[in-house]
Amino acid sequence: MYSRYQYKAIGGPVMRSVSRMRRLLLRSAAVLLLGSWAGVGSAGESTEAQPEPALPALAFGQSVEGVSDEDLPYVYTQWKNYTVADGLPNDHIFSVKAVAEAVWIGTEDGLARLDKKTGRIQCWKEADGLPWRAVTSIDVDPKTGDVWLALFGGGLARFSGGRFDHFHQLNSGLVNDVVYGVAVENNHIWCATTAGASRYDIVTGKWDVFTEKNAPMEEIWNYNVTYAPSVNKVFLAVWGSGCLEFDVPTEKWKVYLDPDKEMEIDLYRDDGIIHVITTSASFADGALWVSAYFGNCRYDGRHWRGFYAHETGLPSDFTNFLKARSANEAWLCTDKGLGVIADYATDTYVAYYRNADNPGGVAKVSRRGRLLREVPLEVSIAHNFIIGVDFDGDDVWVATAHGLSHGTGKGYYSGVKKDADRQKSLAATIQEKATAP
Amino acid sequence: MFFRGRHLGTEWLPFLGLLLIGIGRSAGAFEGALRHPVYVGVKVCAQCHDGDAMGNQCSIWARSKHADAYAALSKPEARQIAKLSGVPVPPQQSPLCLGCHATAAEAEPWERDPTFAIQDGVQCEHCHGPGSEYADAAIMMNREQAMKRGLRMPSKEECHSCHAPKGSHDAVLKGQRLDMDAAWEQIKHPTPENAEFRKPSFPEFVASPKEPAFVGAASCAECHEGPDQQDHFSAWKRSRHADAFAVLATAEARAIAAAMGVAGDPRTKLECLKCHTSVYHRPASHVLGTASVYEGVSCEACHGPGSQHAQTYSRPQAAEKNGLLKVNAAVCLSCHENAHGKPFQIPDNLAEASHPIRAREREEEEPQYKTPVNLAVSPDGKELYAACEGSKSVVVVDLGSLRKVAEISVGAQPHDIAFSPDGKTAFVSNRLDDTVSVINTGSRRVTATIPVGDEPHGMVVDRRGAFLYVLNTLSEDISVIDLSTQTEVKRLAAGRGPWSAAISADGNWIACTNVLSHFVPFRTPSRSEVTLIDAREGKVTLRAMVPGANGLRGIAWHPSGDFALFTLNRHKNLVPMTRVVQGWTITNGLGILWRDGRVDQVLLDEPGIAFPDPTDVIVTEDGKHALVTSAASNRVAVVAVDRLLKILESADETERAQVIPNHLGKASEYVLKWIETPICPRGIAIQPGAGRAFVAASLDDRIAVIDLNTFEAAGVVQLGGPQVITKERLGERVFHSAANTFQRQFACSSCHPDGHVEGLTYDIEPDGIGVNPVDNRTLRGILDTAPFKWEGLNPSLSRQCGPRLAVFFTRIHPFTPEELSALDYYICTIPSPPNRHRPVGAELTPAQRRGKEVFYRTMTNDGRLIPMENRCSTCHYPPLYTDRRIHDVGTKMPLDEHGLFDTPQLFNVYNSAPYLHNGIAETLEEIWTRFNPYDQHGVTNDMTKDQLNDLIEYLRTL
């Protein structure tokens, strides 16, 4: 018998104790409210056809009427992987950032730049002036072209015209040198650090520090920061503090926490953020996507939707990083494979896996946990432990624990497709429902 | 506070002030819940601290010069002193002057109660601390309690903070030094043994309902003060009228009163008060809280209660109808006729007190020099624009007639000019205003002013005329201005001190010099940057490093686009200045930036003949020659480009990197000749197709013309500057001339561009290589910060620039006494630019305010008392933020023989990196994060990061 509801893994020092009686009561309530359903195993488990799960009536977007098993998403089948053998400074790829002319790659021991035109890889290690070996995050200022690097234990660096400028907690107002994430917001550089968030104004030179003193952070361990130009907001993913939203014009904060305040179970589905131990946030086309170590979720401004591996077909709930391509599509970097919420509207997912002993692998297409297709890959992603991802037009770049993967998106399309007109009609219907009072 | 028809609800606001303070105390204030103290003003103090029972303390103060300190700033001497201190505004508006001549000058408006008036000069709270929390009788009876609430009891030693000798004051007041011991005796106001706080029992004020109300002198001062109003208020404040009430506390007054049959304290007797105060002199409806008996015979004693006529002051007839009285002899005689046997002479005594409104006598104006610094030729080749720093203008010269045809006023300290490709617009960078003036060349008028970064210098317009690139020297970045909207669209990171820019012939590349070296590890050679921008994308693509060099200024592209030439210095700052061989202290030359980013360096010096301060460079249209100006030796060098390139091409990589940049024997191979120019040639420009070049002789107010066919001087263009050479001008010329230094190798300006710093640490003394290295210090606004030198060994500028310089710099040609005097005078006038982080009058931001609290804190985060000697404000107090003393703050390092250093001044500290005596701290943060491990330089190790950030934010406002 499968579990009737999803237990969340116990999280570190924020673990709360729940009495045995309370657990029993909660379990009973969950059964009454939610019923039961089957889950899908992770990569490597049996792929025999599973009985159709009796899904609950969840929030908007879950209706899959009019969608057949032939309506399938785009699957990346052309992968090329880069490792030290190809010129990278290190195989542990922490971050990747694609720009018009190049791809910037952050590794555990060095920074690299892949020139898209020539294919040449140029590297910088500490001996070459890189202030610190571990580059956890990269962002590029679209106006100036300056490359900003989050250095894990080394602070922040700007790489411009071949020069590294180093900002750390001793020579600047950066709050802490363990920087997980960096984001460029207009004339500001945001840093997600282990001791709060820092914001640096490149025009005035002023540093701001955001911690529990001046922001709604229950914990201050910032894992990720991202800027959404379309809404002029900055989003922070904070371990133990959910997702924080900073409105740039008003400098007001808003926090997304789990309303049921239960860290061990998802007591009420889709009542809010899936878990407060978040790892990243990404905003696209009006939708906020948030990843956690215990699942992922999406918020469209009114409705939350959570995603668990067992009910979707995603590789794992343990998500290191997430990036949204649109309100309909997001890519999840998990510990057991690369997951894609390929089409939110039709609950369609793709999970990419690499074989243990050869470069090949498989892409599994699922809909609401039910496997629809398995697409064999002659060359798959470089490794199943995924740390970062970025989009490059129709292509994707994936940072893994053993190399960088480049997925060529020739013929890419969003959503699912069998009949293009039908797809448009379905999308229109869904949109109409979404905006209905 | 001020009347303007607003009644404050009680007549005796000072008493209300005390009352409110008392209510606050009794309403539950408890130990530990201390509020931030604010200034209440002397009138509140006087409620208790006057009268016989309190030793007439306030009256003693009122008769002292402290009470007149603010008013003294209106004197002509004050204006002269301000100028010598590099203060560009009237003294009564300058925080630097007010810091010693007033109270609470550095406080924010909310830190001053309505009862406080800055015009009361150096009041009680200047020495005793802001009084809002201790000005309560019960608290004052307990000294310890009072001191916990902010009461200070200063010693004579602390008077040094304002009364230490200042060069500016000595120069004007001609040695009228203060005898501290005598002055201390004069201002002493001890509390009697049987002191008793009690409110003075003044006679009942009889109201005349139909009359206006008294508003007080400070209210009048809102309008009747300042240069435009002949400083009426200050004139009164310095007069004996202002002391009229205070003198009633003297023994002489008692004797006079007794002789008149008036017993008791004359200060409380109507017979005395009616002539010694305004309040009891004339009928009035009431006395607003802004007026007081303590101000003696103030404006309204003669001119009538002012509550109504003050609102109509601009209309004299209406003012008269509203109570403004005409003043004539009768007004004076009503008190002065036969007063106490003291004769009153008309018109002499009348004239002494009168202050008519008349046109101010024009003080002898200093000649205004043009000081052209940079030139640009219009695209059509018909006109030459000269940026004239001294006259805040651009002079237009017709190149046909070689005559000045126009002068256009722009911002302060204009520096560079750039034309749009169509020639219809000219842009001028104003380095003191942080703006760019936009000039319509047809109408020759400024049509717009664009704000940019800090201290803009060089500029360039891209070939399409779409973007203007402005180099902000102080903020170390480049503003990119979209010329269609005339707004800044982005800010590019530059090197340190971006100075000048040049665009390649194809328009694709903009090369920018940076005048300061990058921060380098301690005791390693300089490393400067030439920044290369792809003009097509508006992004920095390359930062070419120039090893061993700094002072990169002028730059020009070769017509081929293969390389650019730029001027440079090579400072030998790591070896003692006693080491003369191999170029001594500074060698001067050219850099070559190749398109692939490689850099070569060559010298323009020859053995025994230096080429000091190479400032600007151009390349002739045929690419065969380069002309370089030497601002410190009044020459232009003509360089044969092909010969120079041949030398480089024939050398191997090692020679190019290590030998040629230091080779004094090479210049003679490619320097064809020198052309003598007028004084201090800086900017140079070519007139296309005409075979002429023009040189801005900045300290001669002339433009030199050079024939490019013969490379001879071909005339000058007069810009119309004064012919007389003032002391300041002479000093400026000495400052920019290498004539006196050994081997004519450098001028003061070489290490102090724009009177500031080049950011290097020097090894000067012959005490061992690398021993006692010292960071260079700015010359902006330094006059009153003696002693000089990091060890504080030089008590004056004349010693610093005279004997000391003679030992190391000038050697065999020390300055003559006239030159030295002029040089010192000029240095003192170098203005300190406005603080960009807190414009005058602006309130502190929340972060700055929090930082100020950190700066002035007396307790650590965990409640421990910080010893007085270890608080920031003990050594760094306003207005100079230096106590001008020597201290050991734990910054001695292995190469230092001792750790005793002069306390540096902090104003504009944000732009004087690096820090500490040896320049080892690259940023302000590092002073405490890296170099204060034992809390000897203030207690900082308990601070959180955000506290330190806030402190830094506050320091940037000083």
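As a reminder, the structure under discussion sits directly above these lines.
Residues numbered from 1 in each chain as written. Chains lettered and ligands numbered in written order. Predicted model: local features only at pLDDT ≥ 70, side-chain atom pairs only at ≥ 80, totals over all residues. Heavy atoms only, no water.

K.L.:
With reference to specific residues and values, describe unusual backbone geometry.
P.N.:
Residues other than glycine predominantly adopt negative phi, and peptide bonds predominantly adopt the trans conformation. All names here are of chain B. With omega at 5 degrees, the peptide bond leading from Pro878 into Pro879 counts as cis. By secondary structure assignment, the location of Pro879 is in the loop between α29 (872–875) and β31 (886–888). Omega for the peptide link from Ala913 to Pro914 comes to 0 degrees, which places this bond in the cis form. If you check the backbone angles, Asn56 has positive phi at about 50 degrees while not being a glycine. Topologically, Asn56 is positioned in the loop between α2 (42–46) and α3 (57–62). (Helix = DSSP H or I, 4+ residues; strand = E, 2+ residues; numbered from the N terminus.)

K.L.:
Which residues make up the nonpolar core, and what values do they have?
P.N.:
Residue and element names in this part refer to chain B. One finds Phe735, Leu797, Cys801, Leu823 and Ile827 to be the most contacted residues of the largest nonpolar core, which totals 35 residues. Among the elements of the structure, α5 (76–84), α24 (727–735), α25 (748–751), α26 (797–810) and α27 (817–829) are those that each provide at least two residues to this core. Filtering out sequence-adjacent residues up to four positions away, Leu823 remains in contact with Gly731, Val734, Phe735, Cys748, Cys801 and Phe815. (Core = buried A, V, L, I, M, F, W, Y, C linked by side-chain atoms within 4.5 Å. Buried < 20%, exposed > 50% of the residue type's maximum accessible area, 1.4 Å probe, protein only. Contact = heavy atoms within 4.5 Å.)

K.L.:
Residue-level account of the sheet that holds strand β6 (residues 121–124) of chain A, with values.
P.N.:
Residues and elements named next belong to chain A. Spatially, β3-β4-β5-β6 is the arrangement adopted by the four strands of the open sheet, whose pairing is antiparallel. One side of each edge strand has no neighbouring strand; the edge strands of this open sheet are β3 (93–98) and β6. Going from strand to strand, the sheet's axes swing by 20 degrees on average, the running direction of each strand aside. (Pairing = 2+ DSSP bridges. Axes fitted to C-alpha atoms, helices over the stretch in contact; angles between N-to-C directions.)

K.L.:
Give me α26 of chain B: which residues, what numbers.
P.N.:
Residues and elements named next belong to chain B. With 14 residues, α26 should reach 20 Å at 1.5 Å per residue; the first-to-last C-alpha distance of 16 Å falls well below that figure. Maximal helix bending in α26 amounts to about 50 degrees, located at Arg804. Burial analysis of α26 places 10 of its 14 residues in the buried class, the great majority of the element. Those residues of α26 lying buried are Leu797, Gln800, Cys801, Gly802, Arg804, Leu805, Ala806, Phe808, Phe809 and Thr810. In this fold, the buried residues of α26 make contact with α27. (Expected span 1.5 Å × (residues − 1). Bend = angle between axes of the 7 residues up to and from the residue.)

K.L.:
Before we move on, can you summarise the interface of chain B and chain A with the specific residues and values?
P.N.:
Contacts between the two partners involve 30 residues from chain B and, on the opposite side, 24 residues from chain A. Of the roughly 2000 Å² buried between chain B and chain A on both sides combined, carbon and sulfur atoms contribute 49%. Summed over the three residues of chain B that lose the most area to chain A, namely Arg491, Arg543 and Lys945 of chain B, the buried surface amounts to 26% of that side. The residue Lys213 of chain A makes a salt bridge to Asp946 of chain B at a minimum N-O spacing of 3.2 Å. Elements that contribute at least two residues to the side of chain B that touches chain A include exactly β12 (487–493), β16 (539–547), α30 (924–929) and α31 (945–955) of chain B. Of the residues belonging to the side of chain B that touches chain A, the class tally is eight nonpolar, nine polar and 13 charged. (Buried area = accessible area lost by both parts, 1.4 Å probe. Salt bridge = Lys/Arg side-chain N within 4 Å of Asp/Glu carboxyl O. Nonpolar A, V, L, I, M, F, W, Y, C, P; charged D, E, K, R; others polar.)

K.L.:
Give me the lowdown on the side chain of Asp902 of chain B, citing residues and values where you can.
P.N.:
Residues and elements named next belong to chain B. Note on placement: Asp902 falls in strand β32 (residues 900–902). Look at Asp902 and you get buried, because its relative accessible area is 1%. The contact partners of Asp902, leaving out residues within four places of it in the chain, are Arg777, Thr785, Pro787, Lys789, Trp790, Gly792, Arg884, Arg885 and Ile886.

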